[in-house]
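Here is how the chains run, residue by residue.
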Amino acid sequence: MVSEMIYRKGLLTILLVLAALPVQARLTVFTCEPEWAALVRELVPDAKVTTATSYLQDPHYIEARPSLIAAVRRADLAVCTGASLEAGWLPMLLERAANPAIQRGRPGLFFAADHARLHAPHEHVDRSMGDVHPEGNPHVHLSPDELPEIAGALAERLGELAPESSADILGRYIRWRGHWNQLRAGWRDRARDFQGQTVVVQHASFNYLLRWLGLGIAADLEPKPGLPPSARHLSQLLEKPELAGARAILIASHQDPQPAEWLAEHTGLPVLVVPGTVTGTAPTETLGGLITGILRQIELGESGATP
C-alpha cells in the first residue's frame, strides 16, 4: 500500500514536471526540390516536409497550384535552390501564399545557392543564350564539395527557427558531415578511373559532379541551355570528333529519352538514365545514395533510372 502511494506520488510529480516543460513545436518545412527535403529530414527527422517537385519533374517548370500555395502558407521555412532555378514559379507561389515569414530577406526563406560557389556565372544574359542563369549553374546539390557548406548553413537556420532543438540539429549535422566525408573519400578513389574520359549530357544537371569526378563533356544534346534537342543539332553532333572517345550519354529521369536514344543508335554509345535528384526509394533516397548510384551506373555503363 505504501509502495503504491509512493509510485502514484512519483508519477504525479513526473507529470507535473513534464507539463511545465516548454512544448517543442514540430517544424513545418516546404522545399522546392526533393534534394532539400532529404537534407532537412537528415537534420530534423520529425519535421513535416512538403516538396513541390519530384525526380520525374523539371524544377524549372512547375505550376503554382493551390496545394503548394497552401503548403507555403503553413510553413515555418521554405528551402529552395535559388540562382533563378525557380524564377518561373516561386515568386507567384510566395505572393499567393502571403506568408510574412517566408519572403525574400526573411529567415523563413532559405536559398541553397546563396551558400555555395556556383560554376559558370554570367555578367550579361539575354534570350539569345537560351535558359542561362546569371548567378551560375544552380544544380549544386550534386557537388560533393559545396553540399556540406549548404548543409551547415541550413542546420544553422533550422536551429534559429527551433532554438530548443538547436543542439540536436547541430549534432545531426556533425554526424552527417562525418559520413559525407567518408563517402566523398570513396568517390574520389573511384573517380581515378574516369580521368580524361568524357560523356554526352543533356543540360547542365550533372556538371558539378562530372567536373568533380574528372569527367569531361564531349557534347550537349541541347543546342542551347533549356532548348530541347532538335534534329538539326543532333545531326551536327555526329560530326563532332569528340564523340568517338565518349564513355556514354548521360540524361536525367525527367528528360525525354528519344534524342539520347537517336544519338545512341548512330554512335553505339550506351544511354544512362539516372535520377537527377533523390527519389523516394533506396538507395537513392538520400543525396549520398544518389551520388553513389550515379557513379555506379557510370562505372557499369548501364541505366539506373528508378521506374
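One can find the structure itself at the top, above this paragraph.
What this report covers is the structure whose coordinates are included nearby. Given the structure is predicted, the values throughout are model-derived calculations rather than measurements.

Counted according to the given criterion, the structure contains three aromatic pairs. With 5.1 Å between their ring centres and 20° between their planes, Trp 176 and Trp 180 make a pair best called stacked. With Trp 176 and Trp 180 both in helix α6 (residues 166-191) and four residues apart, this pair spans about one turn of that helix. Pairing Trp 180 with Trp 187 gives two aromatic rings, centres 5.2 Å apart and planes at 85°, and the pair type is edge-to-face. Owing to a relative accessible area of 1%, Trp 180 belongs among the buried residues under this scheme. Ring pairs connect the aromatic residues Tyr 173, Trp 176, Trp 180 and Trp 187, which therefore count as one cluster.

To continue, consider unusual backbone geometry. In this chain, Ala 282 is followed by Pro 283 through a cis amide linkage whose omega measures 5°. For Pro 283, the position within the fold is in the loop between β8 (271-274) and α10 (287-300). At Ala 83, a position not held by glycine, the phi torsion is positive, near 55°. Note that Ala 83 resides in the loop between β3 (77-80) and α4 (90-97).

What follows is about the packing of helix α3 (residues 66-74) against α4. Where α3 meets α4, the closest approach of the two axes is 8 Å, and the angle between their N-to-C directions is 65°. Here α3 and α4 pass one another in a crossing that is right-handed. Residues Leu 68, Ile 69, Val 72 and Arg 73 of α3 pack against Leu 93, Leu 94, Arg 96 and Ala 97 of α4. Of the residues belonging to the contact of α3 with α4, the class tally is six nonpolar, no polar and two charged.

The pairing of strands in a sheet comes from backbone hydrogen bonds and takes either a parallel or an antiparallel form. A sheet is described by the order of its strands in space; here four strands give the open sequence β2-β1-β3-β4, paired in parallel fashion. Where the open sheet ends on each side, the last strands, each with one partner, are β2 (48-51) and β4 (109-111). Within the sheet, the average angular offset between the axes of one strand and its neighbour, ignoring direction, is 20°. Bridge count for β3 against β4 is three bridges, and the pairing is parallel.

What follows deals with the environment of Pro 144. For Pro 144, the position within the fold is in the loop between β4 and α5 (147-161). Pro 144 sits 44 residues away from Arg 188 along the chain, and the two C-alpha atoms are 9.8 Å apart. With sequence-adjacent residues up to four places away left out, Pro 144 is seen in contact with Trp 180, Arg 184, Trp 187, Leu 209, Trp 212 and Ile 291.

This paragraph deals with the sheet that holds strand β7 (residues 246-252). Spatially, β6-β5-β7-β8 is the arrangement adopted by the four strands of the open sheet, whose pairing is parallel. One side of each edge strand has no neighbouring strand; the edge strands of this open sheet are β6 (216-220) and β8. Ignoring strand direction, the axes of neighbouring strands in this sheet form an average angle of 35°. Sheet analysis places β7 next to β8, joined by four bridges and oriented parallel. Residue pairing in the sheet places Leu 250 in a bridge with Leu 272 of β8. Here helix α9 (residues 258-267) sits on the sheet and contacts β5 (198-201), β7 and β8; the angle it forms with β7, its principal contact strand, is near 165°. Where α10 meets the sheet, it contacts β7 and β8, and its direction lies at approximately 170° from that of β8.

On the surface, Arg 26, Lys 48, Arg 73 and Arg 74 cluster together into a patch of positive charge. Here Arg 74 is to be found in helix α3. Residue Arg 74 is classed as exposed on the basis of its relative accessible area, which comes to 52%.

Parameters and conventions
- Residues numbered from 1 in each chain as written.
- Predicted model: local features only at pLDDT ≥ 70, side-chain atom pairs only at ≥ 80, totals over all residues.
- Heavy atoms only, no water.
- Phe/Tyr/Trp six-rings, centres within 6.5 Å; stacked < 30°, edge-to-face > 60°.
- Helix = DSSP H or I, 4+ residues; strand = E, 2+ residues; numbered from the N terminus.
- Buried < 20%, exposed > 50% of the residue type's maximum accessible area, 1.4 Å probe, protein only.
- Axes fitted to C-alpha atoms, helices over the stretch in contact; angles between N-to-C directions.
- Left-handed = near helix turned anticlockwise from the far one by under 90°.
- Contact = heavy atoms within 4.5 Å.
- Nonpolar A, V, L, I, M, F, W, Y, C, P; charged D, E, K, R; others polar.
- Pairing = 2+ DSSP bridges.
- Patch = residues over 30% accessible without salt bridge, like charges linked within 9 Å, V, L, I, M, F, W, Y side chains within 5 Å.
- Areas by Shrake-Rupley, 256 points an atom, 1.4 Å probe, with all protein chains shown as cover.
- Salt bridge = Lys/Arg side-chain N within 4 Å of Asp/Glu carboxyl O.
- Lys, Arg positive; Asp, Glu negative; His and termini not counted.
- Charge placed at Lys NZ, Arg CZ, Asp CG, Glu CD.

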